[in-house]
Structure formats: structure tokens, C-alpha cells
Amino acid sequence: MNSMSLMLIAMILAMFVMTSFSMKKQKKNMEDVRAWRENLKEGDEVATHSGLLGKVVSIDIPHEEVIIDSQGSLSKWRLAAITEPPVRPLYADEQDSKEEQDNNGEQYSEKTKQNAEQENARSDSDSKTAKESEEKNSEDL
């Protein structure tokens, strides 16, 4: 009975320690996000939790509002909905030069180009086949 109560106390203590560490980490992350939002300035690129990407036009910290310009469209958001924009890998940006890409990015780009060419060739042959079958059907009528 005594060893069982010691084991129960050890398990409760372990859960308490794990919970306190996770709460400390979460609190630090929340503090970092709050500091980032308070240091926003006009022209910073941001994203919203719903996925809108744009640049900050104006900030009203006391009312917790931000106006974002997304491709010429202005929209007002709560400060809590603003987050850092996602980081785009080099191979996803078509405008990056090949000098900026590492070997993996170049290999990926080449494979992507080859796949796109094959897909275009397939779709061209599919459209030709569809046109031929339409022509046959119209001739049969």
C-alpha cells in the first residue's frame, strides 16, 4: 500500500512539472506574439489567421485595429487576427533567380517544369481526341 501511494504522488508531481513547463512555454510564445504586434509599423507585410496577405497601411493600437492593403483592396482587422506572413521557400517563388536557389531548389524546379510540359502535352492530346470525337459525332448526325 505504501509503494502505491508513493507512486501516485510521483505521478501527480510529474504531471504538475510537465504542465508548468508547457504553460511557461505557451506564455513565452504569447508574449513574443504580443511584442511583435505592438512593434508593427506601416509597410510591414502581414497575414491574417484566415489567410489574407498584405501590407499594413495604418495601425490603431489603442483600439486594436489594423488596416491592411491586399492588392489594392483595403480592409480593417482586429489586431488579434494579425500574424506574421508565411515564409515562402525559394522554389515556390517564380521571380527568384537561379543563382539564389540551391541545388535542391534547381532540381525541384527542373522536375516541376518537366511535369508541367508532360501535363500540357497530355492535355493537348486529350483536347485533340475530344475534337475528333465531336467531329465524328457531328458527321454521323
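Here the structure is a predicted model, which is why all the values come from computation and not from measurement. (Residues numbered from 1 in each chain as written. Predicted model: local features only at pLDDT ≥ 70, side-chain atom pairs only at ≥ 80, totals over all residues. Heavy atoms only, no water.)

Participant: Which parts of the structure should I look at to understand the overall build of the protein chain?
Facilitator: When its secondary structure is counted, the protein chain shows 2 helices and 5 strands. For the protein chain, the N- to C-terminal ordering of α and β elements is α-β-β-β-β-β-α. The proportion of buried residues among the 141 residues of the protein chain is 12%. Element-wise, carbon and sulfur atoms account for 55% of the exposed surface of the protein chain, whose accessible area totals about 12,000 Å². (Helix = DSSP H or I, 4+ residues; strand = E, 2+ residues; numbered from the N terminus. Buried < 20%, exposed > 50% of the residue type's maximum accessible area, 1.4 Å probe, protein only. Areas by Shrake-Rupley, 256 points an atom, 1.4 Å probe, with all protein chains shown as cover.)

Participant: Explain the pairing of strand β4 (residues 73-78) here, please?
Facilitator: Every regular strand shows the same layout, with side chains that alternate between the two sheet faces. Strand direction decides the pairing type here: strand β3 (residues 65-70) and β4, joined by 6 bridges, are antiparallel. Across the sheet, the residue bridging to Ser70 is Ser73, located in β4. Connecting β3 to the next strand, β4, in antiparallel fashion are 2 residues, including Gln71 with a positive phi near 55 degrees. (Pairing = 2+ DSSP bridges.)

Participant: What am I meant to see in the layout of surface pockets here?
Facilitator: To find leftover empty space, one rolls a probe the size of a water molecule over the atoms. When its volume is computed, the largest pocket comes out at roughly 280 Å³. What lines the largest pocket is Glu45, Val46, Leu53, Gly54, Lys55, Asp69, Ser70, Gln71, Gly72, Pro85, Pro86 and Arg88. Residue assignment for the lining of the largest pocket shows that the elements contributing at least two residues are β1 (45-48), β2 (53-60) and β3. Among the elements that line the lining of the largest pocket, the one with the most residues is β2, at 3 residues. (1 Å grid on protein atoms, 1.4 Å probe; cavity = no way out; pocket = protein on both sides within 12 Å on 5 of 7 lines; lining within 4 Å. Points joined across faces, edges and corners; volume = space filled by probe spheres on them.)

Participant: Which parts of the structure should I look at to understand the confidence of the model for the protein chain?
Facilitator: In regions of low pLDDT, the predicted coordinates are not meant to be interpreted in detail. Counting all residues, the mean pLDDT for the protein chain is 78, and 62% of those residues have values of 70 or more. For residues 99-108, every residue scores under 50 in pLDDT, and the model assigns this stretch 8 contacts once sequence neighbours within four places are set aside. (pLDDT = per-residue confidence, 0-100. Contact = heavy atoms within 4.5 Å.)

Participant: How should the pattern of salt bridges be read in this particular structure?
Facilitator: Opposite charge on two side chains lets them pair, provided their charged atoms get close. Across all of its chains, the model carries 6 salt bridges by this definition. For Lys28, the salt bridge identified is with Asp32, shortest N-O distance 3.2 Å. Within this pair, Lys28 and its partner Asp32 are both found in helix α1 (residues 2-38), separated by 4 residues, close to a single helical turn. The exposure class of Lys28 is exposed, given its relative accessible area of 52%. When salt bridges that share partners are traced, they join Glu31, Arg34 and Glu38 into one network. (Salt bridge = Lys/Arg side-chain N within 4 Å of Asp/Glu carboxyl O.)

Participant: What is the right way to read the sheet that holds β3 from this model?
Facilitator: Pairing within the open sheet is antiparallel, and its 5 strands lie in the order β4-β3-β2-β1-β5. If you trace the sheet from one side to the other, it starts and ends with β4 and β5 (82-83), each paired once.

Participant: It is not clear to me how unusual backbone geometry should be interpreted in this structure. Could you clarify?
Facilitator: The general pattern is negative phi for most residues beyond glycine and trans for most peptide bonds. A positive phi angle is found at Glu64, which is not glycine, with a value near 55 degrees. With respect to the helices, strands and loops of the structure, Glu64 is situated in the loop between β2 and β3.

Participant: Where do I start with the side chain of Arg37 in this structure?
Facilitator: Looking at the element boundaries, Arg37 is found in helix α1. We note that Arg37 is buried and unpaired, the nearest opposite charge coming from Glu64 at a distance of 8.2 Å. Apart from the residues lying within four places of it in its own chain, the contact partners of Arg37 are His49, Ile61, Leu79, Ala80 and Ile82. (Lys, Arg positive; Asp, Glu negative; His and termini not counted.)

Participant: Can you help me understand the pairing of β2 in this one?
Facilitator: Bridge count between β1 and β2: 3 bridges; the pairing is antiparallel. Each bridged residue has a counterpart across the sheet, and for Val46 the counterpart in β2 is Gly54. Counting the residues that bridge the hairpin from β1 to β2 gives 4 residues, and of these Gly51 lies at a positive phi of roughly 110 degrees. Bridge analysis of β2 against β3 gives 5 bridges, and the strand direction is antiparallel. Looking at the pairing, Asp60 lines up with Glu65 of β3. Once β2 ends, the chain turns through 4 residues before running back antiparallel as β3, passing Glu64 with a positive phi of about 55 degrees.

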